[in-house]
Amino acid sequence: MEKTSKDNLVFFMHIPKTAGTTLHQIIRQQYGEEQIFRAYIGVGAATLQEHINNLRFRLDQENNQNQEIKLILGHVGFGLHEILGRDLTYITFLRHPIDRVISWYYHQQRIPSAKYYQECQSLSLKELITRYQPIPTDNHQTRFVAGDTLREKLGLSNTINYGYCNQELLNQAKENLKKYFLVVGIQENFDDSLSLLQKSLGWQNISYAKENIGENKQVISQSEISFLQEHNYWDIELYEYAKKLFQQQLNQLSRMSS
């Protein structure tokens, strides 16, 4: 499977803390609720495998009912097309890795149900990472795009431990972005990314109000930023590569429109 058209089932691969919540309201403006399948662990299902089983059941029923799933969204990494055995049109957003990790930390600090809520009340971001090594702080976008996150959520053994992301994983992520993703959005260029989605997928009303904007109350020191850069080296490389792909997509769309 390579990049497919807007006529295929669309999969919005929502990497946590990358503008996905804002995009949700725009997606709701394009599709009816019965046409959207949400795959978020803890919402409607306790595990990713349970979501996949439910999705397969829904897809199998499409031939007998007048309801068709047109878009899947969730914190599910690359490789879902292989699990389902069918083509998907991949779209996603990437965000500057340091901003994304900081946003993740403040989310953990604010939300009582978050995994590290209690720890974040007394630990700085650097202290949290040093003591607990949370996977979302270790090149998480590279893990998502390369397929490691999907393997991890399915409980497979061939996953990458904390601190062991490498050039091979980055190369796989780059290849997947270039080969499989119809649109690679950039959060820092959200409006242009949205315009790209609109024209690529034939969306109509794309007006929105920003959602899920966390209030960052503490100041992250320069030493912590340097620490985060060291721990997210591969994500920074992937983000720079994604920005180039994004600009190429914009340029191509501009040429087609002129």
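Residues numbered from 1 in each chain as written. Predicted model: local features only at pLDDT ≥ 70, side-chain atom pairs only at ≥ 80, totals over all residues. Heavy atoms only, no water.

Participant: Which residues make up helix H1 (residues 20–30), and what are the values?
Facilitator: An α-helical turn contains 3.6 residues, so a residue and the one three or four places further along point in the same direction. Taken across its 11 residues, H1 has 8 buried, putting it largely inside the fold. Among all positions of H1, only Gly20, Thr22, Leu23, His24, Gln25, Ile26, Ile27 and Gln30 are buried. Contact partners of the buried residues in H1: strand S1 (10–13), strand S2 (36–39), strand S3 (71–74), strand S4 (89–94) and helix H10 (190–201). (Buried < 20%, exposed > 50% of the residue type's maximum accessible area, 1.4 Å probe, protein only. Helix = DSSP H or I, 4+ residues; strand = E, 2+ residues; numbered from the N terminus. Contact = heavy atoms within 4.5 Å.)

Participant: Go over the pairing of S3 with me, naming the residues and quoting the values.
Facilitator: Burial along S3 is two-sided: the residues Leu71 and Leu73 and Ile72 and Gly74 are all buried. Where S1 meets S3, 4 bridges bridge the pair, whose relative direction is parallel. Looking across to S3, one finds that Phe12 is bridged to Leu73. In this structure, S2 lies alongside S3, joined through 4 bridges in parallel fashion. Bridge pairing links Ala39 to Gly74 in S3. (Pairing = 2+ DSSP bridges.)

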